[in-house]
Amino acid sequence: RGALETQLQELEAATAELSAAQDQVLRSTRLASVGRLAAGVAHEIGNPLAAILGLIELARDEDLDPETRDEFLARIQKETERINGIIRDLLDFARDGTESDGNDETADLAAVVADAVQLVAPQKDASKLRIERRVSPVAPVRGNADRLTQVLLNLLLNAADAMDGEGDIVIEVDTDDDNETARLTVTDSGPGIPESIRDQLFEPFVTSKAVGQGTGLGLAVTFTIVDRLGGSIEASNPEGGGARFVVRLPLAS
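Residues numbered from 1 in each chain as written. Predicted model: local features only at pLDDT ≥ 70, side-chain atom pairs only at ≥ 80, totals over all residues. Heavy atoms only, no water.

## Regarding the overall build of the protein chain
A count of helical and extended segments in the protein chain gives 5 helices and 7 strands. Secondary structure elements in the protein chain, listed N-terminal to C-terminal, are α-α-β-α-β-β-α-β-β-α-β-β. Long-range contacts, defined here as pairs at least 24 residues apart, represent 68% of the contacts in the protein chain between residues at least 6 apart. (Helix = DSSP H or I, 4+ residues; strand = E, 2+ residues; numbered from the N terminus. Contact = heavy atoms within 4.5 Å.)

What follows is the structure, encoded as structure tokens:
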């Protein structure tokens, strides 16, 4: 009995140490994520702000001709809109649940796919994209149609960027094996997901794009929308090349 009590105490001590170590890892992970978020915000907003300040200083020159001043004002407006877009995406990412996440709404994925493809069409170089739709009939899913359109649009634009605006995208809609979940799959013919960012792919400001060409917020916002609907999203590189994103959404009850 004494030996058993000793073993039990040792086991409890080991469990406590393991729990403390796990808490430390979680704290470190959270701190690292906060650090990346803060650095990303400072970089993505700091750059356009610096440009705006410089352009305002130049526009104050009394000897500046009207045409050049108008050009400076147009550039100031563009940089301001860029900051506004970053803040809007951050708000989408950091929503605290006070707004409706669409859990009490339903959406038709076929209509979501049609709307998202229509929104991609006007984008620059979209004429070089070949988008194939393989949409099987599925029951309505839980979620707001506009926000689900945003999810698919983010995935399509991400694929288009990865392929430099030229390549094949396949959108598939079907029912998952459990018959309680709809599956939305987007596969592209691009270079695939870089190994260096795969583990942090859905974190804010993680991107393989060149500086100034993207904030890395699109996939973070997409993950947040899907997660709050009780769904999931996975990313992989298929054997045939390219990248594949699979979104699973609960069917509406």
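## Some details on the packing of helix 3 (residues 109–120) against helix 4 (residues 145–162)
Contact pair helix 3 / helix 4: the axes reach a minimum separation of 9 Å and the direction vectors enclose 50 degrees. When the axis of helix 3 is compared with that of helix 4, the two are oblique. In the packing of helix 3 onto helix 4, the handedness of the crossing is right-handed. Judged by residue contacts, Val112, Val113, Asp115, Ala116, Val117, Leu119 and Val120 of helix 3 engage Ala145, Leu148, Thr149, Leu152, Leu153, Leu156 and Leu157 from helix 4. A per-class count over the contact of helix 3 with helix 4 returns 12 nonpolar, 1 polar and 1 charged. (Axes fitted to C-alpha atoms, helices over the stretch in contact; angles between N-to-C directions. Parallel < 35°, antiparallel > 145°, perpendicular 65-115°, else oblique. Left-handed = near helix turned anticlockwise from the far one by under 90°. Nonpolar A, V, L, I, M, F, W, Y, C, P; charged D, E, K, R; others polar.)

## A few points about the sheet that holds strand 2 (residues 129–135)
Across the sheet, 5 strands lie side by side as 2-4-5-7-6; this open sheet has mixed pairing. Sheet topology places strand 2 and strand 6 (232–236) at the edges, where each strand pairs with a single neighbour. Each neighbouring strand pair of the sheet contributes to a mean axis angle of 15 degrees, computed without reference to strand direction. One ladder, built from 7 bridges, connects strand 5 (residues 181–188) with strand 7 (residues 244–250); its direction is antiparallel. For Thr181, the partnering residue across the bridge sits in strand 7 and is Pro250. Contacting strand 2, strand 4 (167–175), strand 5 and strand 7, helix 3 runs over the sheet at an angle of about 175 degrees to strand 2. (Pairing = 2+ DSSP bridges.)

## Let's talk about the nonpolar core
Grouped burial of nonpolar side chains is what soluble globular proteins tend to show. Core analysis: the largest hydrophobic core is formed by 40 residues, its most contacted members being Leu109, Val141, Leu152, Leu156, Ile169, Phe245 and Leu249. Among the elements that make up this core, the one with the highest residue count is helix 4 (8 residues). Ignoring any residue separated from it by four or fewer positions in sequence, one finds Leu249 in contact with Leu109, Val141, Leu148, Glu180, Thr181, Ala182, Val226 and Leu229. Counting 11 residues, the second-largest nonpolar core is a separate cluster that includes Ile52, Phe72, Ile83 and Ile86. (Core = buried A, V, L, I, M, F, W, Y, C linked by side-chain atoms within 4.5 Å. Buried < 20%, exposed > 50% of the residue type's maximum accessible area, 1.4 Å probe, protein only.)

## Digging into the packing of helix 4 against helix 5 (residues 218–228)
The N-to-C vectors of helix 4 and helix 5 enclose an angle of 145 degrees; their axes lie 9 Å apart at closest approach. The chirality of how helix 4 crosses helix 5 is left-handed. Across from Arg147, Gln150, Val151, Asn154, Leu155 and Asn158 in helix 4, the residues of helix 5 making contact are Gly218, Leu219, Val221, Thr222, Ile225 and Val226. A breakdown of the residues in the contact of helix 4 with helix 5 according to their chemical character gives 6 nonpolar, 5 polar and 1 charged.

## Some details on the environment of Ala145
Inspection of the secondary structure assignment puts Ala145 in helix 4. Given a relative accessible area of 32%, Ala145 falls into the partly exposed group. Each C-alpha atom of the pair Ala145 and Thr106 lies 7.2 Å from the other, and the pair is 39 residues apart in sequence. When residues no more than four places from it in sequence are discounted, the contact partners of Ala145 are Ala107 and Val112.

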